[in-house]
Amino acid sequence: QSALTQPASVSGSPGQSIAISCTGTSSDIGAYNYVSWYQQHPGKVPKLVIYEVSHRPSGISNRFSGSKSGNTASLTISGLQAEDEADYYCSSYRSVTTHVFGTGTKVTVL
Amino acid sequence: VQLVESGGNLVQPGGSLRLSCAASGFTFNDHYMDWVRQAPGRGLEWVGRATNKVNSDTTGYAASVKGRFTISRDDSKNSVSLQMNSLKTEDTAVYYCARLTGTSFDYWGQGTLVTVSS
């Protein structure tokens, strides 16, 4: 049950776009469109920002978008803002009884 | 929707602890309920799942806790529990209860801290 692989850190200037990758296997990301992304500010509870690869929950800014190609999913944040500085985790539903998270990426707004 | 965890504490290695999660504001038996943990300064780690009656209340666990942790749910009390036995120092973490909707976690509790130390 290895974790999904994410870059440790990504940074960008205000207004820029950044992308965070999430690499899994043909048994999770590659098998299903069940990738979700979570934002976590320091000391706070994780918050769902993308589900089923590319869907945004109600109330989430359209600056957040998701995609997938093969075994790799990506989260793109466009028009980067100071409030976007946080840790981001991808996740994949693997089966009725298993799930996996990514290693996490720290996003820094320069 | 509200999820409230309780039961976190300081426990010695080899000891046991039971965490509870009280749910309200939604139809509890419609949802699978999961536990996710986060060690200090580390990332999120999926711990396990309690499915619902539709899936015969089947449970699943991460390899790191299988055989030591047990998840159970009580639909009459809208609660899910995590029984943790043979605790190790590496089990030290904040434990979150999370609601699974479809294939993602849309609501999380505030977390409860478990510290395993002598």
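Residues numbered from 1 in each chain as written. Chains lettered and ligands numbered in written order. Predicted model: local features only at pLDDT ≥ 70, side-chain atom pairs only at ≥ 80, totals over all residues. Heavy atoms only, no water.

## Observations concerning the overall build of chain B
Applicable threshold: Every helix listed is a DSSP run of H or I at least four residues long, and every strand listed is a run of E at least two residues long, numbered separately from the N terminus. Throughout, radius of gyration means the C-alpha value; the globule benchmark is 2.2 Å times the number of residues raised to the power 0.38. Partly exposed describes any residue whose relative accessible area lies between the buried limit of under 20% and the exposed limit of over 50%, with all areas from a 1.4 Å probe on protein chains only and scaled to the type maximum. Contacts: residue pairs with any heavy atoms within 4.5 Å of one another.
For chain B, the count of helices and strands is 0 helices and 11 strands. Taking 13 Å as the expected radius of gyration for a compact globule of 118 residues, we find that chain B reaches 13 Å, a close match to that expectation. With respect to the three principal axes, the spread of C-alpha positions in chain B is 40 × 25 × 25 Å. Within chain B, the proportion of its 118 residues that are buried is 49%. Counting only contacts in chain B whose residues sit at least 6 apart along the sequence, the fraction spanning at least 24 positions is 51%.

## Quick word on the pairing of strand β11 (residues 112–116) of chain B
Remark: a regular strand shows side chains that alternate across the two faces of the sheet. Residues and elements named next belong to chain B. To keep it simple, the criterion reads: Only strands joined by at least two bridges in the DSSP assignment are considered to pair.
Where burial is concerned, the two faces of β11 differ: the one with T112, V114 and V116 is buried and the one with L113 and T115 is not. In the sheet, strand β2 (residues 10–11) pairs with β11 via 2 bridges, with the strands oriented parallel. Paired with L10 across the two strands is T115, which belongs to β11. For strand β9 (residues 93–101) and β11, the ladder comprises 3 bridges, and the chain directions are antiparallel. Looking at β11, one finds that A93 is bridged to V114.

## Focus: the interface of chain B and chain A
Threshold: Once two parts are put together, the accessible area they lose, assessed with a 1.4 Å probe and summed over both, is termed the buried area. One side-chain nitrogen of Lys or Arg within 4 Å of one carboxyl oxygen of Asp or Glu is enough to make a salt bridge. Side-chain atoms alone can form a polar contact between residues adjacent in sequence; in general such a contact is a pair of N or O atoms within 3.5 Å, and within protein one must be able to donate a hydrogen while the other accepts it. By the convention adopted, Pro, Cys, Tyr, Trp, Phe, Met, Ile, Leu, Val and Ala count as nonpolar, Lys, Arg, Asp and Glu as charged, and the other residues, Gly among them, as polar.
Each partner contributes residues to the interface: chain B has 26 residues there, and chain A has 21 residues. Of all residues in chain B, the largest losses of buried area upon contact with chain A belong to L44(B), W46(B) and T103(B), amounting jointly to 35% of the total for that side. For the pair chain B and chain A, the interface holds 0 salt bridges. The interface formed by chain B and chain A includes 6 residue pairs in polar contact (both at pLDDT 80 or more). Residue composition of the side of chain B that touches chain A, grouped by class: 11 nonpolar, 11 polar and 4 charged.

## Comments concerning the state of the cysteines
Each disulfide consists of one covalent bond between the sulfur atoms belonging to two cysteines. The criterion, for reference: Here, a disulfide means two cysteine sulfur atoms that sit within 2.5 Å of each other.
The final tally for this structure, using the stated rule, is 2 disulfides over all chains. Covalent S-S linkage joins C22(A) and C90(A), the inter-sulfur distance amounting to 2.0 Å. Residues C22(A) and C90(A) share a disulfide whose torsion about the S-S bond is about 75 degrees; that sign makes it right-handed. Highlighted residues: C22(A) in strand β2 (residues 18–23) and C90(A) in strand β7 (residues 86–95), separated in sequence by 68 residues. Each member of the pair C22(A) and C90(A) is classed as buried. Between the sulfur atoms of C21(B) and its disulfide partner C97(B) the distance amounts to 2.1 Å. Disulfide C21(B) to C97(B): torsion about the S-S bond roughly -70 degrees, handedness left-handed. With C21(B) in strand β3 (residues 17–24) and C97(B) in strand β9, the pair connects residues that are 76 residues apart, well separated along the chain.

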